[in-house]
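Close look at the chain arrangement
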Amino acid sequence: MLTKGTVRGIISNLVIVEVDGPVAQNEIAYIDLAGNRLMAEVIKVVGNTANLQVFESTRGLTIGAGVEFQGHMLEVVLGPGLLEKNLDGLENDLDKMEGIFLRRGEYTFPLEEEKLWHFVPLAKVGDKVTAGTWLGEVDENFQPHKIMVPFVMQSEYKIKSIIEEGDYNVFKTIAVVEDNEGKETEINMIQRWPVKVPIKQFAEKPRPHKLLETGVRAIDTFNPIVEGGTGFIPGAFGTGKTVLQHAIAKQAEADIVIMAACGERANEVVEIFTDFPKLEDPHTGRKLMERTIIVANTSNMPVAAREASVYTAMTIGEYYRSMGLKVLLMADSTSRWAQALREMSNRLEELPGPDGFPMDLSATISNFYGRAGHVKLNNGAEGSITFIGTVSPAGGNLKEPVTENTKKVARCFYALEQDRADKKRYPAINPIESYSKYFEYPEFESYISENISDNWTEKVSELKTRMIRGKEISEQINILGDDGVPVEYHVTFWKSEFIDFVILQQDSFDDVDAVTPLERQKDMLDLVTEICRTDFEFDNFNEVAEFFKELINLGRQMNYSEAGSERFNNYYTQFSELVSKKSDSQLIESQSYI
């Protein structure tokens, strides 16, 4: 029998309820408001009183309203048909809702109930199965969507019957399994799972090491992220977070892309809705939206739903990872999620931490980021969730609690700098502040050595050092003037500028420069390193500036040209001749370049 309750207090979307029976932490309840059922979640239980955070506006709610507890946590529906969907934080299908504004108490089913899916069985009668075992497969937008034994079934089962190949809807029973006691369970294509509980139906979770190719040189070359890795992008307003996220989502080597718009301004969420369906997938030539799921929750929605959206997105990602797929999850922005945690913590009158955030903010962020990763499934297949979140620190302050706590757990840090954005040096990733801790992994070093180059990390480290030295000299030149430092200092500074313009800066609106294959990045790294190691002869600082400006221009024109094309070869010839005028070195011609 379901527990009932009565509303005894209301503080915005925090509702205090007196209950007549047992309730559990994170249990879902519905509050009756003039015939509308408002979904809420238990966040604190004290005696016979439960504190609920309501996922809807509580305007008009009064003391004495009835509450009915459901006996389960916040769950998502998992099954074929999620791809190409626009969902809210509670997994309602936004496209099924009518009108311009969302109505309170309106909940929609996220899957297509009548659509037929072509089911191909992968298991047979008599097979022993456990939670997460693949029973069959349907084609979902050209992705192999596995139909699995529901994750909630914890025992070992034997398949008693399985349906033959054919077209069925999601409610059709596709298999019947029985446990050791002979109890039968029917399985269809749908299953449910609580969003705040990680899906752990895998054999092991090794340390990720395989490079995730994004086509963005400032990431792949300087601060690489791996399949199953974690990273975050802090940056002030106008530094290019959204464009960078779109570039990564479009170009990264991932099977499934999930965009979680968590508490963003409505105009930015609308931009995602309008832009993503237009983007072409460079890997398939079809629309990127075919393998994308958008979980949207704007800043004017209740804060409780804002918190739910990131967990909903992560749970859907874990579901697809259990099929052996590579998932890329982008959350924009985790700062808004943390602000939602702060707001509810303050309403509960809990002891505040730095800047009023909850004391357990660090643990909450750590547990969430820990759900990403690379896994080996029980059948030997491998899947991964690569999680990249953006952080919107107030005033661009990277010392605030959300950024600081995220830095402790995320392995990649891509600091977007206002100064670089103002100078139009995009992507505005600060090459000195940013880092990738995957360089420290022996497994990653081995992967790079075997698949790319033996001296890749050594050259990247050298260029980073030159960037630091270039910044130091730039500050000295600003103070002492051009005549106040030796010509050698100008050469060092301009070599750092050459690295910046040719490798770090990239034009996301140019067809060629927007995405750089890894092989070409390797050649560019070799070329730029060779230039930096070359000794040039100059008489004064004006010669230095003129020479490197021309060199940078040729380097950028090469970036805009297809490798190996006649146009590219002409620029490369001019580049080589220019270098030979000021040095005795001859550039090595890369096979893939020329």
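Residues numbered from 1 in each chain as written. Predicted model: local features only at pLDDT ≥ 70, side-chain atom pairs only at ≥ 80, totals over all residues. Heavy atoms only, no water.

What follows is about the overall build of the protein. In terms of helices and strands, the protein carries 14 helices and 25 strands. Against the globule reference of 25 Å for 594 residues, the protein gives a C-alpha radius of gyration of 27 Å, in line with a compact fold. When its C-alpha atoms are laid out on the principal axes, the protein stretches across 90 × 55 × 45 Å. Here the protein holds 594 residues, and 56% of them are scored as buried. Of all intrachain contacts in the protein linking residues separated by at least 6 positions in sequence, the fraction that spans at least 24 positions is 70%. One way to put it: in the protein the 62 positive side-chain charges average out to a point 3 Å from where the 92 negative ones average out. (Helix = DSSP H or I, 4+ residues; strand = E, 2+ residues; numbered from the N terminus. Rg over C-alpha atoms; globule rule 2.2 N^0.38 Å. Buried < 20%, exposed > 50% of the residue type's maximum accessible area, 1.4 Å probe, protein only. Contact = heavy atoms within 4.5 Å. Lys, Arg positive; Asp, Glu negative; His and termini not counted. Charge placed at Lys NZ, Arg CZ, Asp CG, Glu CD.)

Right, let's talk about unusual backbone geometry for a bit. Residue Ser333 is bonded to the preceding Asp332 through a cis peptide linkage, with omega at 5°. The amide bond that connects Tyr426 to the next residue, Pro427, takes the cis arrangement and shows omega of -10°. Here Pro427 is to be found in the loop between helix H8 (418-422) and strand S25 (435-436). Of note in the backbone geometry, Glu349 takes a positive phi value of approximately 60° without being a glycine. Summarising the element assignment, Glu349 is placed in the loop between helix H5 (334-347) and helix H6 (361-369). Despite not being glycine, Asp355 shows a phi value in the positive range, around 60°. By the secondary structure assignment, Asp355 is in the loop between H5 and H6. The class for Asp355 is exposed, based on a relative accessible area of 52%.

To continue, consider the pairing of strand S5 (residues 49-54). For S5, a buried count of 5 out of 6 residues is recorded, marking the element as mostly surrounded by other parts of the structure. Relative to S5, strand S2 (residues 14-19) runs antiparallel, the two being bridged by 5 bridges. Bridge pairing links Ile16 to Asn51 in S5. For strand S4 (residues 36-46) and S5, the ladder comprises 6 bridges, and the chain directions are antiparallel. Residue Val42 lies in a different strand from S5, and its bridge partner there is Leu52. What sits between the antiparallel neighbours S4 and S5 is a turn of 2 residues, in which Gly47 has the positive phi angle 60°. (Pairing = 2+ DSSP bridges.)

Turning our attention to the packing of helix H10 (residues 456-480) against helix H11 (residues 487-504). Closest axis-to-axis distance for the H10/H11 pair is 8 Å, and the angle between their directions is 125°. With respect to H11, the axis of H10 lies oblique. For the element pair H10 and H11, the recorded crossing hand is left-handed. Touching Leu463, Arg466, Met467, Arg469, Gly470, Ile473, Ser474, Gln476 and Ile477 of H10 are Tyr489, His490, Thr492, Phe493, Lys495, Ser496, Ile499, Asp500, Ile503 and Leu504, all from H11. Tallied by class, the residues present in the contact of H10 with H11 amount to 9 nonpolar, 6 polar and 4 charged. (Axes fitted to C-alpha atoms, helices over the stretch in contact; angles between N-to-C directions. Parallel < 35°, antiparallel > 145°, perpendicular 65-115°, else oblique. Left-handed = near helix turned anticlockwise from the far one by under 90°. Nonpolar A, V, L, I, M, F, W, Y, C, P; charged D, E, K, R; others polar.)

A word on the side chain of Ser436. Among the secondary structure elements, Ser436 is positioned in strand S25. A distance of 2.6 Å separates a polar side-chain atom of Ser436 from the backbone oxygen of Pro224. (Polar contact = N/O pair within 3.5 Å; in protein donor to acceptor, adjacent residues only side chain to side chain.)

It is the contact of H6 with helix H7 (residues 401-409), at a shortest axis distance of 9 Å, that shows an interaxial angle of 45°. When the interaxial angle is binned, H6 and H7 end up oblique. Crossing geometry of H6 relative to H7 is assigned as right-handed. Facing Leu361, Ser362, Ile365, Ser366 and Tyr369 of H6, the residues of H7 in contact are Pro401, Val402, Asn405, Thr406, Lys408 and Val409. Residues that form the contact of H6 with H7 fall into these classes: 6 nonpolar, 4 polar and 1 charged.

Spatially, the 4 strands line up as an open sheet ordered S10-S13-S15-S16, and their pairing is antiparallel. Each edge of the open sheet is held by one strand with a lone partner, namely strand S10 (128-129) and strand S16 (184-187). Across 4 bridges, the pairing between strand S15 (residues 175-178) and S16 is antiparallel. Residue pairing across strands places Val177 opposite Thr185, the latter belonging to S16.

Let's shift gears to the pattern of salt bridges. Overall, the coordinates contain 29 salt bridges when judged by the stated rule. Note that Glu112 and Lys85 form a salt bridge whose closest N and O atoms lie 2.3 Å from each other. With Glu112 in the loop between strand S8 (86-88) and strand S9 (117-121) and Lys85 in the loop between strand S7 (75-78) and S8, this pair connects stretches of sequence that are 27 residues apart. Owing to a relative accessible area of 8%, Lys85 belongs among the buried residues under this scheme. Notably, a salt bridge pairs Asp500 with Arg420, separated by 2.9 Å at the nearest N-O pair. With Asp500 in helix H11 and Arg420 in helix H8, the pair connects residues that are 80 residues apart, well separated along the chain. Arg420 gets classed as buried once you look at its relative accessible area, which sits at 6%. (Salt bridge = Lys/Arg side-chain N within 4 Å of Asp/Glu carboxyl O.)

Moving on, we come to H5. Residues spaced three or four apart along an α-helix point in a common direction, a consequence of the helix completing one turn every 3.6 residues. Between its first and last C-alpha atoms H5 spans 20 Å; for 14 residues at 1.5 Å apiece the expected length is 20 Å, and the two agree. In terms of residue burial, H5 counts as a mostly covered element, since 10 of its 14 residues are buried. Two or three places before Ser335, at the opening of H5, Ser333 has a side-chain oxygen 3.2 Å from that residue's backbone nitrogen. Glu349 sits one or two residues past H5 and shows a positive phi near 60°. (Expected span 1.5 Å × (residues − 1).)

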